[in-house]
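So you can see what is in the structure, the chains are spelled out below.
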Amino acid sequence: MSRELAVFMDRLGHRFDDPELLTRALTHSSLSSPNRGDNQRLEFLGDRVLGLVMAEAVLAADETAKEGQLAPRFNALVRKETCADVAREIELGAAMRLGKSEMSAGGRRRMALLGDAMEAVIAAVYLDAGFEAARALVLRLWGDRITRVEEDARDAKTALQEWAQARGMTPPLYVEVGRSGPDHAPVFRIRAELPDGRQAEAEAKAKRHAEQAAAKALLDAIERS
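Residues numbered from 1 in each chain as written. Predicted model: local features only at pLDDT ≥ 70, side-chain atom pairs only at ≥ 80, totals over all residues. Heavy atoms only, no water.

(A) Local environment of the confidence of the model for the protein. Looking at the protein as a whole, the pLDDT averages 89, with 96% of positions reaching at least 70. The least confident element of the protein is helix H9 (residues 149-152), whose mean pLDDT is 68; the most confident is helix H8 (residues 131-142), at 97. (pLDDT = per-residue confidence, 0-100. Helix = DSSP H or I, 4+ residues; strand = E, 2+ residues; numbered from the N terminus.)

Here's what the structure looks like:
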């Protein structure tokens, strides 16, 4: 096991019986080969494990909430942007295994890649030690996001439009500024723009999700200013 992998295990807080699972979870398709698997299959599994953990968590956090209240909270906790935020907190990007082209394009910082890798790591823990270990990991890493999810679950595009209208501005514009990935699974990069020049960008596998993420990033920037 490399020192880099061992250091990341410490940051993650899980010691793998099978470190190869973690290696695969951190390997992007740009570095894969017939003899070296990537993290796409693990990402698929990790997305489902995360979904079950968060479905349980939002139910337990509010026993009186109706489905219409639970769904946006759940979506806010499992969306790619949230996974990427968690990945940044544990410096997952530093441990990712990328091809040269993806590395030179800033892949270690890209939201979509970080989110995918975070889901793959969850799957690796699940396969290594079972559901309870994966559940404990997710709840620890997501932490108080679960209790403050109501704020994160708001419709960011609506909130940004209301903010702009309250100040006499026309509605925000959403511009596709980039697209990457294969044709069957593209990643869209959207820029949200206000008439006063303020803007923010975000990525997602669906345009509507990228627009919501860009709107939220712009709202966050406004609140910090």
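(B) Expanded view of unusual backbone geometry. Of note, Glu 91 is a non-glycine position whose phi angle comes to about 55°, a positive value. Looking at where Glu 91 falls in the secondary structure, it is placed in the loop between helix H5 (80-89) and helix H6 (100-104).

(C) Broad picture of helix H10 (residues 156-166). Along H10, the positions that sit buried rather than exposed are Ala 156, Ala 159, Leu 160, Trp 163 and Ala 164. The arc that holds every buried residue of H10, seen down its axis, measures 135°, which confines them to one face. Away from its buried face by more than 90 degrees, H10 exposes Glu 162 and Ala 166. Those residues of H10 that are buried are in contact with strand S1 (173-180) and helix H11 (207-224). Gly 168 sits one or two residues past H10 and shows a positive phi near 75°. (Buried < 20%, exposed > 50% of the residue type's maximum accessible area, 1.4 Å probe, protein only. Arc of directions from axis to C-beta. Contact = heavy atoms within 4.5 Å.)

(D) Region of interest: the environment of Leu 114. Mapped onto the elements, Leu 114 comes out in helix H7 (residues 111-129). Residue Leu 114 is classed as buried on the basis of its relative accessible area of 2%. On a C-alpha basis, the gap between Leu 114 and Ala 84 in space is 4.9 Å, while along the polypeptide they are 30 residues apart. When neighbours within four sequence positions are excluded, Leu 114 is seen to be in contact with Ala 84, Ala 87, Arg 88, Leu 92, Gly 93, Met 96, Arg 108 and Arg 109.

(E) Region of interest: the pairing of strand S2 (residues 187-193). In terms of burial, S2 is largely enclosed, as six of its seven residues are buried. Sheet topology places S1 next to S2; seven bridges connect them, and they run antiparallel. Paired with Tyr 174 across the two strands is Ala 192, which belongs to S2. In textbook terms, the turn of a hairpin is the stretch between consecutive antiparallel strands, and for S1 and S2 this stretch comprises six residues, one of which, Gly 181, has a positive phi near 85°. (Pairing = 2+ DSSP bridges.)

(F) Structural view of the pattern of salt bridges. Within the structure shown, the criterion is met by 22 salt bridges. Between Lys 205 and Asp 116 there is a salt bridge whose closest N-O contact spans 3.6 Å. Taken together, the residues Lys 205 in the loop between strand S3 (199-204) and H11 and Asp 116 in helix H7 connect sequence positions 89 residues apart. For Lys 205, a relative accessible area of 39% gives the class partly exposed. One salt bridge connects Arg 191 with Glu 201, and the closest N-O pair in it is separated by 3.6 Å. Residue Arg 191 is located in strand S2, and its partner Glu 201 is located in strand S3; the two are separated by ten residues in the primary sequence. Taken together, the shared-partner salt bridges connect Arg 110, Arg 189, Arg 191, Glu 193, Glu 201 and Glu 203 into one network. (Salt bridge = Lys/Arg side-chain N within 4 Å of Asp/Glu carboxyl O.)

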